[in-house]
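Structural features, examined
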Amino acid sequence: MENRKLIEEKLFDNYLDKDVNVILKGGITTEFIIHNAKILLSNHTLIITNTKREELIIKFSFVTDVIVDNAITFELEEQKVTLDY
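Residues numbered from 1 in each chain as written. Predicted model: local features only at pLDDT ≥ 70, side-chain atom pairs only at ≥ 80, totals over all residues. Heavy atoms only, no water.

**Section: the pattern of salt bridges**
We apply this condition: One speaks of a salt bridge when a side-chain nitrogen belonging to Lys or Arg is within 4 Å of a carboxyl oxygen belonging to Asp or Glu. Secondary structure counts use DSSP, requiring at least four H or I residues in a row for a helix and at least two E residues in a row for a strand, with both numbered from the N terminus. We call a residue buried when its accessible area falls under 20% of the maximum for its residue type, exposed when it is over 50%, and partly exposed in between, using a 1.4 Å probe and counting protein chains only.
Under the defined criterion, the tally for this structure stands at three salt bridges. The partner of Lys38 in a salt bridge is Asp17, with the nearest N and O atoms 2.4 Å apart. Of this pair, Lys38 sits in strand S3 (residues 38–41) while Asp17 sits in the loop between helix H1 (4–15) and strand S1 (20–25), and the two are 21 residues apart along the sequence. A relative accessible area of 42% places Asp17 in the partly exposed class. Between Lys80 and Glu75 there is a salt bridge, with the nearest N and O atoms lying 3.8 Å from each other. Look at Glu75 and you get buried, because its relative accessible area is 18%.

Next comes the structure, spelled out in structure tokens:
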């Protein structure tokens, strides 16, 4: 995945143990917060969770583009997932 190192640094420097705002835009638009986020990152999957009921799983095989600026936006075919804190 392109920008892997940049994404990893931003996630662990800026998002770990913080409240992460997740904005889903596409066919359905919604927003939720993952409190005190824990992050698991592999070559295939990103999981952001608080180890309770709040959880986001992104499979990189569905990601068509990633934009890293003040926030991180994962573009899927018809969905955008934006992570902000």
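Having seen the model, we can carry on.
**Considerations on the nonpolar core**
Note the following rule: Here, the term nonpolar core denotes a set of buried Ala, Val, Leu, Ile, Met, Phe, Trp, Tyr and Cys residues that are joined through side-chain atoms within 4.5 Å. Contacts between residues were defined by any pair of non-hydrogen atoms, one from each residue, lying within 4.5 Å.
Among the nonpolar cores identified, the biggest contains 22 residues, and Leu11, Leu46, Phe74 and Leu83 are the most heavily contacted of them. Secondary structure elements with two or more residues in this core: H1, S1, S3, strand S4 (45–49), strand S5 (55–59), strand S7 (72–75) and strand S8 (80–84). Those residues in contact with Leu83 that lie beyond four places of it in its chain are Leu11, Tyr15, Val20, Asn21, Val22, Leu46, Ile48, Leu56, Ala71, Ile72 and Phe74.

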